[in-house]
Amino acid sequence: MLTNLSGQPILLLALLLLLGALLGHVRVGTVAIGPAAVLFAAIAVSALGVANGVELLIPETVGTLGLVLFTYTIGIVSGPSFFASLRRGWPVMLSVVVTFALVAVLAVLVGKALGLTSSVVAGTFAGGLTNTPALAAATERAADPAGPTIGYSIAYLWGVFGMLLAAAWSLRHRGHEEPPSEPLVNQTIRTERAEGVLLSDIEARYHQRVTFSRLKHGHFANPTVVADDDERLGPNDLVTVVGPRDLVDQVTAELGHRSSHDIVVGQGDLDYRRVTISNSAVAGRTVGALDLEGRFGAHISRVRRADVDLVAAPDFVLQMGDRVRVTAPADRMADVGRFLGDSDRGMSDINPGGFALGLSLGLLIGLVHIPLPGGGFALGAAAGTLLTGLVFGRLGRIGPVVTSMSNGAAHSLSYFGMITFLAYAGTRAGERIAGAIGSDVGWKVAVLGFVITTTAALCLLLAGRLIHRMGGTQHAGMLAGAQTQPAILAFANDRTGFDTRVGLGYVLVYPIAMIAKIVIVQVLAGLG
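Q: I'm lost on the overall build of the chain in this one. Help?
A: Check the secondary structure of the chain and you find 19 helices and 15 strands. A compact globule built from 528 residues should have a C-alpha radius of gyration of about 24 Å, and the chain, at 26 Å, falls within 12% of that. Its C-alpha atoms give the chain principal-axis dimensions of roughly 85 × 50 × 45 Å. For the chain, with 528 residues in total, the buried portion stands at 55%. Put simply, the chain shows about 21,900 Å² of open surface, and 63% of that area lies on carbon and sulfur atoms. Side chains of the chain carry 38 positive and 37 negative charges; the gap between the two charge centres is 6 Å.

Q: Is there a simple way to explain the environment of Leu 116 in this structure?
A: Summarising the element assignment, Leu 116 is placed in the loop between α4 (60-114) and α5 (118-128). C-alpha separation for the pair Leu 116 and Arg 394, spaced 278 residues apart in sequence, amounts to 40 Å. Setting aside its immediate chain neighbours within four residues, Leu 116 contacts Gly 111, Val 121, Val 441, Lys 444, Val 445 and Leu 448.

Q: Any chance you could explain the nonpolar core here in plain terms?
A: Most often, soluble globular proteins keep nonpolar side chains buried together rather than apart. Val 96, Phe 100, Phe 125, Met 163, Met 405, Leu 448 and Val 521 are the most contacted members of the largest nonpolar core, which has 108 residues in total. When residues of this core are assigned to their parent elements, the largest contribution, 18 residues, is made by α4. Counting 20 residues, the second-largest nonpolar core is a separate cluster that includes Leu 290, Ala 328, Val 336 and Phe 339.

Q: When you look at the sheet that holds strand β11 (residues 323-329) in this model, what are you seeing that I'm missing?
A: By definition, the strands of a sheet pair up through backbone hydrogen bonds, in either a parallel or an antiparallel sense. Strand order across the open sheet formed by 4 strands is β8-β11-β9-β10, with antiparallel pairing between neighbours. With one partner strand each, in any of the chains shown, β8 (270-276) and β10 (308-311) form the two edges of the open sheet. Going across the sheet, the axis of each strand differs from the next one's by a mean of 25 degrees, ignoring polarity. The sheet contact formed by strand β9 (residues 299-305) and β10 spans 4 bridges and is antiparallel. Paired with Val 303 across the bridge in β10 is Leu 310.

Q: What's the story with the packing of aromatic side chains in this structure? I'm lost.
A: A complete count under the given rule lists 6 aromatic pairs for this structure. Considering the side-chain rings of Phe 421 and Tyr 424, the 5.9 Å spacing of their centres and the 50 degrees angle between planes classify their relative orientation as tilted. One end of the pair is Phe 421 and the other is Tyr 424, both in helix α15 (residues 407-438) and 3 residues apart, which spans about a single turn. Assigned by exposure class, Phe 421 and Tyr 424 land together as buried. Three or more aromatic residues link up through ring pairs in this structure, and these residues are Phe 40, Tyr 152 and Tyr 156.

Q: How should empty space enclosed by the protein be read in this particular structure?
A: Within the structure shown, the criterion is met by 1 cavity of 30 Å³ or more. Quantified by volume, the largest cavity comes out at close to 40 Å³. For the largest cavity, the full set of lining residues is Asn 186, Ser 213, Arg 214, Val 242, Ser 301, Arg 302, Arg 325 and Thr 327. Listed by contribution, the elements that provide at least two residues to the lining of the largest cavity are β4 (211-216), β9 and β11.

Q: Explain the sheet that holds strand β7 (residues 256-258) to me, please; I cannot follow it from the model alone.
A: The strand order β5-β4-β6-β3-β7 describes an open sheet built from 5 strands, whose pairing is antiparallel. In the strand order of this sheet, the two ends are held by β5 (225-226) and β7, each with one partner. Pairing between strand β3 (residues 185-191) and β7: 3 bridges, direction antiparallel. Along β7, the bridge assignment pairs Thr 191 with Gly 256. Sitting on the sheet, helix α9 (residues 245-255) is in contact with β3, β4, β6 (238-243) and β7, with an inclination near 5 degrees to β3.

Q: Please clarify how a nonpolar patch on the surface should be interpreted in this entry.
A: There is a patch of nonpolar side chains on the surface, built from Leu 357, Leu 361, Leu 364, Ile 365, Leu 367, Val 368, Leu 387, Val 391, Leu 395, Ile 398 and Val 401 and spanning about 850 Å² of accessible area. Counting only elements with at least two residues in the nonpolar patch, the list comes to α13 (352-366) and α14 (380-395). If one sorts the elements of the nonpolar patch by residue count, α13 sits on top with 4 residues. Within the fold, Val 391 resides in helix α14. On the accessibility criterion, Val 391 (38% relative accessible area) is partly exposed.

Q: Teacher, can you tell me more about the layout of surface pockets here?
A: As a volume, the second largest pocket reaches approximately 240 Å³. Considering the residues around the second largest pocket, the lining is formed by 13 residues, among which Glu 60, Thr 139, Glu 140, Pro 145 and Tyr 424 are closest to the centre. Grouping the amino acids of the lining of the second largest pocket by side-chain chemistry returns 6 nonpolar, 3 polar and 4 charged.

Q: Explain the pairing of β3 to me, please; I cannot follow it from the model alone.
A: Strand residues, when the strand is regular, have side chains that alternate between the two faces of the sheet. Burial analysis of β3 places 6 of its 7 residues in the buried class, the great majority of the element. Where β3 and β6 come together, 6 bridges link them in antiparallel fashion. By the bridge assignment for β6, Arg 190 is matched with Leu 238.

Q: Mind showing me how you'd approach the packing of helix α7 (residues 146-172) against helix α16 (residues 440-467) here?
A: Helix packing geometry: the angle between the two helix axes and the distance between the axes. Direction vectors running N to C along α7 and α16 enclose 30 degrees, while the axes themselves pass 8 Å from each other. On the basis of the axis angle, α7 is roughly parallel to α16. At the point where α7 passes α16, the crossing takes the right-handed sense. Across the interface between the two elements, Gly 151, Ile 154, Ala 155, Trp 158, Gly 159, Gly 162, Met 163, Ala 166, Trp 169 and Ser 170 of α7 pack against Gly 442, Val 445, Ala 446, Gly 449, Phe 450, Thr 453, Thr 454, Ala 456, Ala 457, Leu 460, Leu 461 and Arg 465 of α16.

Cut-off values and rules
- For every chain, the first residue of its written sequence is number 1, and the numbers climb from 1 along that sequence.
- For a predicted model such as this one, the threshold for reporting local features is a pLDDT of at least 70, and the threshold for listing and counting side-chain atom pairs is 80 or more; totals across whole chains, interfaces and linings nevertheless cover every residue.
- For the side-chain quantities, the full set of heavy atoms in the structure was used; hydrogens and water were omitted.
- Helix and strand definitions follow DSSP, with helices as H or I runs of at least four residues and strands as E runs of at least two, each counted in order from the N terminus.
- With the radius of gyration taken over C-alpha atoms, the globule rule is written as 2.2 Å times the number of residues to the power 0.38.
- For the exposure calls, accessible area comes from a 1.4 Å probe over protein chains only, and a residue counts as buried if that area is under 20% of its type's maximum, exposed if over 50%, partly exposed in between.
- Note on areas: these come from Shrake-Rupley sampling with a 1.4 Å probe, and a residue is covered only by the protein chains present in the view.
- The charged-residue count follows a simple rule in which Lys and Arg add positive charge and Asp and Glu add negative charge, with His and chain termini not counted at all.
- Here the site of a charge means atom NZ of a Lys, CZ of an Arg, CG of an Asp or CD of a Glu.
- Contacts were defined at the residue level, with two residues in contact if any of their heavy atoms lie within 4.5 Å.
- Throughout, nonpolar core names a set of buried Ala, Val, Leu, Ile, Met, Phe, Trp, Tyr and Cys residues whose side chains join them through atoms within 4.5 Å.
- Two strands pair under a simple rule: DSSP has to find at least two bridges between them.
- Note on geometry: axes are lines fitted to C-alpha atoms, helical ones only across the stretch in contact, with angles between N-to-C directions running from 0 to 180 degrees.
- The aromatic pairing rule takes the rings of Phe, Tyr and Trp, using the six-membered ring of Trp, and pairs them if the centres are within 6.5 Å, calling planes under 30 degrees apart stacked, those over 60 edge-to-face and the rest tilted.
- Grid points spaced at 1 Å over the protein atoms alone were grouped into cavities, where a 1.4 Å probe fits but cannot get out, and pockets, open sets with protein on both sides within 12 Å along at least five of seven lines, with lining residues defined by an atom within 4 Å of a point.
- Grid points are joined across faces, edges and corners, and a volume is the space filled by probe spheres set on the points.
- Each patch is built from salt-bridge-free residues with over 30% relative accessible area, joining like charges within 9 Å and nonpolar side chains (Val, Leu, Ile, Met, Phe, Trp, Tyr) within 5 Å.
- Definition used for salt bridges: Asp or Glu carboxyl oxygen within 4 Å of a side-chain nitrogen of Lys or Arg.
- Gly is put with the polar residues, along with every residue not named as nonpolar or charged; the nonpolar set is Ala, Val, Leu, Ile, Met, Phe, Trp, Tyr, Cys and Pro, and the charged set is Asp, Glu, Lys and Arg.
- An angle below 35 degrees is read as roughly parallel, one above 145 as roughly antiparallel, one from 65 to 115 as roughly perpendicular, and any other as oblique.
- Here a crossing is taken to be left-handed if its near helix is turned anticlockwise relative to the far helix by less than a right angle, and right-handed if that turn runs clockwise.

See the structure below:
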């Protein structure tokens, strides 16, 4: 059986993915092993082959394909939030980068004292901070391609559980936090103190975090109209505001009081429904640029992306697969649907043209040589495709070319790419893992991994709580994002009932943490 597998790499890959999927459901405490099970399964199968004199390897080209699929689509998904985070969260992001730089210096010193090679140190750094693209970058850069995976495999488990303990501590010591922001709500307001105020002025004052969907001037018997941004409020108007509960309450107190009349129910000539963006001519454009109000007398109030409702600000860039909440005259709703596409195809379309362009540019950027003392290094396929994905995800469109893709398609490609690369890396390490664990390399890597994870956790705890004064809930999400570890995110969400502040902390630092680890690990691997 093993002999037959050695000549069938695609069959071997399929079996490793199947075995990893089965092992991934195994739970250690409250945390499932997850996708990393593919790595451990590949190591075990490859080591079994070595013990029986059979070489079981996934081809390098297959591993590279999995790598670039993973990093590029991670960039596509993270691009919008990454560039938005730069404006408001750069101090926290800087703390994360500084922490990783300090941990890298410590890793070099401790690794040198333990007599470990730079390849193993780089892989241990990637494993202690649980980052698969960093492992890929280290493998590309290292003189010994199997060394990083050995370090990664041994350090990975404490990388998960050490930072999970830090997140648990942060959640247990939340202190006196403000109540969490609730999901988006709508509320009808009876105006009292807002005569002559433009709706667009109110939205701008709240930084586009609220919007208005319906308006009824004066008397309740008057018709309900779509709340155009150029509409002015008058005395006793009824207007529906959409946004987070805390902001909706603030707008209500500013304009008047909550009305007993709900102009959403019994809409009369107006209709509202969810419409899926599947028209490529619309994808990559902002809500404001579509001018639905001018075209159809319609208004988009919410965008649902990745199971989260977001306020549809005028500068919000739409992507294929987004589900938008549209209010429009009943006789124009069908026209709006045709204009936006309204097909489930948009939820799974990978946008092959933009996808191929992004991968090509990313791979070319990865070939760029960065000069440094000692010779420098190339960015590599992982960093190049990640950077391109971030930019393409943020832009959404370059001229006629749509550069983004639906979240569903991106997440599916990302997951497949990740487990494919883990299978490749595992088979490469399996040839040497038994010898490494049985030698003094095993305990040395375990010690170094413990130092890396524990130091990073302590630095991030101190920075988040003492320097940035983050609440425990958001801080737990920040720890998960800094560790780029979905298992910790799932743990924090479960403990907080999916408090939105957990996701906010995660998204704030995840992209910069990913980039920083990929860059730093290449420096570590090239030290010689």
